[in-house]
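# Examining the three-dimensional arrangement
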Amino acid sequence: MPHRAAMSVMDRSTRLPTADEIDGINRAHLVDTPLRPADLLFMFGTREDVGLRADTAARLWREGYFRWSIVSGGVTPGSEQSECTIIKAAMIAAGVPAELVIEEHRAMNTGENVIFSLPILDAALGLSNIRSVICLGNTWTARRYPMTLHRHWPEVEKMLLTVDSFATPRSLWHTDAEFRRRVLHEWDKIEPYKANGFIAEWPA
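Let us look at the structure shown here. Within any chain, residue numbers begin from 1 and follow the written order of that chain's sequence. Selection of residues for local features in this predicted model requires a pLDDT of at least 70, selection of side-chain atom pairs for listing and counting requires 80 or more, and totals for whole chains, interfaces and linings are taken over all residues. Hydrogens and water are ignored here; the side-chain numbers use all heavy atoms of the structure.

## A few points about helix α2 (residues 19–29)
Since there are 3.6 residues in each turn of an α-helix, residues three or four apart along the chain are aligned in direction. The cut-offs for exposure are 20% and 50% of the maximum accessible area for each residue type, with area from a 1.4 Å probe on protein chains only; residues under the lower value are buried, those over the upper are exposed, and the others partly exposed. Runs of E in the DSSP output that reach at least two residues are strands. Runs of H or I that reach at least four are helices, and both are numbered from the N terminus. All buried positions along α2 are accounted for by Glu21, Ile22, Gly24, Ile25 and His29. Take α2 and look down its axis: the buried residues cluster within an arc of 165°, on one side only. Facing away from the buried side of α2, by more than 90 degrees, are the exposed residues Ala19, Asp20 and Arg27. Whether two residues are in contact is decided by their heavy atoms: any pair within 4.5 Å suffices. Its buried side turned inward, α2 meets α6 (144–152) and α7 (177–195). Of all possible arcs, the one meant is that of the directions from the helix axis to the C-beta atoms.

Structure (structure tokens):
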């Protein structure tokens, strides 16, 4: 894998991206798309900002933006419960009807989120009945969510909504050491992951 993807955590938090790189990341990576009502909300597993994710999902549900949701995420170190279990419980507490939330409990990365969820969705709803998906995840991972989904499920329309709890505005991510570390960690994955066929270009 290229050396950029192998950089240490310290390298990412201390290196200062150039103005051109900041502009490229803001323009091409840290994107949200216009939303319209979708068949499915795809909630990618996380240990970060679970409450914020759940509250956002509940708001989308109240505003009629999805009919069904899937939450995908396995058991991570330090927890006896899967990310799916924790996030679904938070979504239900925030007001999303439990019967509309489909569960996937094995995935340990973004690729597995998609790969393991597709047969579950097919069994529950039929993939041919899902034409549009809203991806909901962390700001710093950004377009890698729909890029991963596009690699394995190109047929559906994909929209993206990302959230975070940083006080720093998204466009100024490079001014906060931890925000910068997370964004650069994800940005550095894009080209190697495309080269290895893990993700596909999105939007086209």
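Additional details are given in the paragraphs that follow.
## Observations regarding the nonpolar core
Of all hydrophobic cores here, the largest spans 23 residues; its most connected members are Leu40, Phe42, Leu121, Ile130, Val133, Leu149 and Trp153. Those elements giving two or more residues to this core turn out to be β1 (38–44), α5 (110–124), β4 (132–138), α6 and α7. Excluding its chain neighbours within four sequence positions, the residues that come into contact with Leu149 are Phe42, Val114, Val133, Cys135, Pro154 and Lys158. The term nonpolar core refers to a set of buried residues drawn from Ala, Val, Leu, Ile, Met, Phe, Trp, Tyr and Cys, joined through side-chain atoms within 4.5 Å. Counting residues in hydrophobic clusters, the runner-up holds 20 residues, among them Leu41, Ala57, Phe66 and Ile87.

## A few points about the packing of aromatic side chains
For Phe, Tyr and Trp, where Trp contributes only its six-membered ring, two rings pair if their centres lie within 6.5 Å, and the inter-plane angle classes them as stacked under 30 degrees, edge-to-face over 60, or tilted in between. For the coordinates displayed, the defined rule picks out 6 aromatic pairs. Relative to Tyr145, the ring of Phe44 has its centre 4.6 Å away and its plane inclined at 40°; by these criteria the two rings are tilted. Here Phe44, found in strand β1, pairs with Tyr145, found in helix α6; they are 101 residues apart in sequence, far enough to count as distant. Of the two residues, Phe44 and Tyr145, both sit in the buried class. Ring geometry for Tyr193 and Phe198: centres 5.3 Å apart, planes at 85°, overall edge-to-face. Exposure remark for Tyr193: the relative accessible area of 18% places this residue in the buried category. We classify Phe198 as partly exposed; its relative accessible area is 43%. Taken together, the aromatic side chains of Phe42, Phe44 and Tyr145 make up a single cluster linked through ring pairs. Whether a charge sits over a ring comes down to the Lys NZ or Arg CZ being within 6 Å of the ring centre and within 35 degrees of the ring normal. In this arrangement the basic side chain of Arg106 is found over the ring face of Phe116, its NZ or CZ atom lying 3.9 Å from the centre. The ring of Trp140 has Arg182 lying over it, and the distance from NZ or CZ to the ring centre is 4.5 Å.

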